[in-house]
Amino acid sequence: MRKRATIVITADPDILEEIYDKTNTDATEINIVANMLRVRIYQDTKGYQILMDTILRKSLRYTFAEGREYTKDEYKKAKYFHCEVMYPWEHDPKNAEEYGTEYTRINACPRCGFGKEQTSDLIINTKKMKKYQFAQIIPEFLITENVRQIIEDNNLSGCDFKPVKDFKGRTEPILYQLIINNILPRMDKDVKFEIWEAAYCPECDTNGKFLRSEIVYKSQDLTEAQDFNLTYEYIGQANYLGRHLIVSAKVRDIFNKNKIKPIAYEPVRIKDNQ
């Protein structure tokens, strides 16, 4: 695996020009606009070390996002994957609750109100799902009849199914809610999160937490893992807030074989017990 960073620094133009001159040789992308410098750079380069040293030494304000590139062999050897799923309702002004899905907030956080629990079948605009086999109206996951059959035929564990209803009563396409019932332990301390203080709730430790590294677990924490799992952590903000999906290599292999395409799979790093 090779790690790359996307960093945006806000500082005086003179400082940004200094950083540019010292790092542009190693950067894959770098530009200055007004008082901001945006740079993409691999973390194993000299330029990256100079960049981070300058940020720390001058106490500069910056944002950091990490990307990773894996070899075919690393994908082949991985036991679990972080799976990102399409969100066809992203630009829809309505969420599942506004379409008629019922929730209770009896156990919601008393400070921020997060933590509603679904109490009815999922009711949505199913028309938006037509070209997808596996998608999400965050935080709920949806699959087609074909995918449900594939999961059952291959005895994939960690999930159940519930019918999905259309808010206008349409009967096509036939969809199911994929209920993932296995929650993993907390991630390893090596995992990096960025906290957006404006949204973060310290009471329930949700909202405003953004994943900024690969996902890492100790091997002992995956002894009860199933084929479908959810992270303990809630990641994201507002309409993008939810537990993330971790699937086994078996799921990825079967889905690839049947041309079921989420957005991406990224290997989960597993540390030996210490």
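Refer to the structure presented above.
Conventions adopted
- Within each chain, residue numbers correspond to sequence positions counted from 1 in written order.
- Under the rules for a predicted model, residues below a pLDDT of 70 receive no local features and side-chain atom pairs below 80 are neither given nor counted, while totals for whole chains, interfaces and linings still include all residues.
- Only heavy atoms go into the side-chain values, all of them from the structure, while hydrogens and water stay out.
- Helix and strand assignments come from DSSP, with helices taken as H or I runs of at least 4 residues and strands as E runs of at least 2, each series counted from the N terminus.
- Pairs of residues are marked as contacts when any of their non-hydrogen atoms sit within 4.5 Å.
- Note on areas: Shrake-Rupley, 1.4 Å probe, and residue coverage restricted to the protein chains presented here.
- The charged-residue count follows a simple rule in which Lys and Arg add positive charge and Asp and Glu add negative charge, with His and chain termini not counted at all.
- Charge positions come from single atoms, namely NZ of Lys, CZ of Arg, CG of Asp or CD of Glu.
- Per-residue accessibility, obtained with a 1.4 Å probe over protein chains only, is compared with the maximum for each type, and a residue is labelled buried under 20%, exposed over 50%, and partly exposed between these values.
- By the convention used here, strands pair only if DSSP detects at least 2 bridges between them.
- To get an axis, fit a line to the C-alpha atoms, keeping to the stretch in contact for a helix; angles then go from 0 to 180 degrees between the N-to-C directions.
- Among buried residues, those of type Ala, Val, Leu, Ile, Met, Phe, Trp, Tyr and Cys that are joined through side-chain atoms within 4.5 Å constitute a nonpolar core.
- Here a polar contact is recorded for every N or O atom pair within 3.5 Å, except that within protein the pair must consist of a potential hydrogen donor and a potential acceptor, and residues adjacent in sequence are included only if both atoms are side-chain atoms.
- Cavity means a closed set of points on a 1 Å grid over the protein atoms alone, one where a 1.4 Å probe fits but cannot get out, pocket means an open set with protein on both sides within 12 Å along at least 5 of 7 lines, and lining means a residue has an atom within 4 Å of a point.
- Grid points are joined across faces, edges and corners, and a volume is the space filled by probe spheres set on the points.
- Residues are grouped as follows: Ala, Val, Leu, Ile, Met, Phe, Trp, Tyr, Cys and Pro are nonpolar; Asp, Glu, Lys and Arg are charged; every other residue, Gly included, is polar.

Undergrad: Would you take a moment to explain the overall build of the chain for this structure?
TA: Of the regular secondary structure elements, the chain holds five helices and 19 strands. Projected onto its principal axes, the C-alpha positions of the chain cover 60 × 40 × 35 Å. A separation of at least 24 residues holds for 66% of the contacts in the chain among residues at least 6 apart in sequence. Put simply, the chain shows about 15,100 Å² of open surface, and 46% of that area lies on carbon and sulfur atoms. The centroid of the 42 positive side-chain charges in the chain is displaced by 3 Å from the centroid of its 42 negative side-chain charges.

Undergrad: In this structure, what is going on with unusual backbone geometry? I would like to understand it.
TA: Comment: phi is negative for the bulk of residues other than glycine, and the bulk of peptide bonds are trans. Backbone torsion omega between Ile138 and Pro139 reads 5 degrees, so that peptide bond is classified as cis. Counting through the fold element by element, Pro139 comes out in the loop between strand 9 (134-137) and strand 10 (140-144). At Ala34, a residue that is not glycine, the phi angle is positive and equals roughly 55 degrees. Looking at where Ala34 falls in the secondary structure, it is placed in the loop between strand 2 (27-33) and strand 3 (36-42). Phi angles above zero are rare outside glycine, and Asn155 is one such case at about 50 degrees. Tracing the chain through its elements places Asn155 in the loop between helix 4 (145-153) and strand 11 (159-166). A relative accessible area of 62% places Asn155 in the exposed class.

Undergrad: Even after reading the chapter, I still don't get the environment of Ala264, so can you show me in this structure?
TA: Here Ala264 shows up in strand 18 (residues 264-267). On a C-alpha basis, the gap between Ala264 and Phe81 in space is 9.3 Å, while along the polypeptide they are 183 residues apart. Apart from residues lying up to four places away in sequence, Ala264 is in contact with His82, Cys83 and Glu84.

Undergrad: Would you mind going over the sheet that holds strand 18 with me for this structure?
TA: Strand pairing in a sheet is mediated by backbone hydrogen bonds. Such pairs are either parallel or antiparallel. Ordered in space as 16-17-5-18, the four strands form an open sheet in which the pairing is antiparallel. A strand with exactly one partner marks an edge of an open sheet, and here the two such strands are strand 16 (228-235) and strand 18. Along the sheet, successive strands turn relative to each other by an average axial angle of 35 degrees, direction set aside. Pairing of strand 5 (residues 80-84) with strand 18 involves four bridges; the strand directions are antiparallel. Bridge assignment links His82 to a residue of strand 18, and that residue is Glu266.

Undergrad: It is not clear to me how the sheet that holds strand 2 should be interpreted in this structure. Could you clarify?
TA: Pairing within the open sheet is antiparallel, and its four strands lie in the order 2-3-1-4. With partners counted over all chains shown, the strands left at the sheet margins are strand 2 and strand 4 (61-69), one partner each. For this sheet, the mean angle separating the axes of adjacent strands, direction not counted, is 10 degrees. Pairing geometry for strand 2 and strand 3, over six bridges, is antiparallel. Across the sheet, residue Glu29 finds its bridge partner in strand 3, namely Arg40. Sheet strands in contact with helix 1 (residues 13-23) are strand 1 (2-10), strand 2 and strand 3, and its direction is about 165 degrees off that of strand 2. Together, strand 1, strand 3 and strand 4 form the strand contacts of helix 2 (residues 46-58), whose direction differs from that of strand 1 by roughly 35 degrees.

Undergrad: Before we go on, may I ask you to explain the nonpolar core in this structure?
TA: Soluble globular proteins tend to bury their nonpolar side chains together. Of all hydrophobic cores here, the largest spans 25 residues; its most connected members are Phe134, Ile151, Leu178, Phe228, Leu245 and Phe255. Of all the secondary structure elements, the ones that give two or more residues to this core are strand 5, strand 10, helix 4, strand 12 (175-180), strand 16, strand 17 (242-248) and helix 5 (249-257). In terms of residues, this core owes the most to one element, helix 5, which gives four residues. Not counting residues up to four positions away in its chain, the partners in contact with Ile151 are Ile143, Leu156, Cys159, Phe161, Leu178, Phe228 and Phe255. Listed in part, the 18 residues of the second largest apolar core include Ala11, Ile30, Tyr48 and Leu60.

Undergrad: Looking at this structure, I do not really get the side chain of Glu66. What am I missing?
TA: Relative to the helices and strands, Glu66 is located in strand 4. At a separation of 2.9 Å, a polar atom in the side chain of Glu66 contacts the side chain of Arg68. What Glu66 contacts, discounting residues up to four positions off in sequence, is Lys3, Arg4, Gln43, Lys192, Arg212, Ser213 and Glu214.

Undergrad: Even after reading the chapter, I still don't get the layout of surface pockets, so can you show me in this structure?
TA: Rolled over the atoms, a probe with the dimensions of a water molecule shows which regions are left empty. Each pocket or cavity is described by its volume, and for the largest pocket that value is around 1,000 Å³. Residue lining of the largest pocket: 38 residues in total, with Tyr103, Lys116, Pro139, Glu140 and Tyr234 positioned closest to the centre. Top contributing element to the lining of the largest pocket by residue count: strand 12, with four residues. Split by residue class, the lining of the largest pocket holds 18 nonpolar, nine polar and 11 charged. Quantified by volume, the second largest pocket comes out at close to 810 Å³. Every residue lining the second largest pocket is counted, 35 residues in all, and those nearest its centre are His82, Glu84, Leu211, Ile235 and His244.

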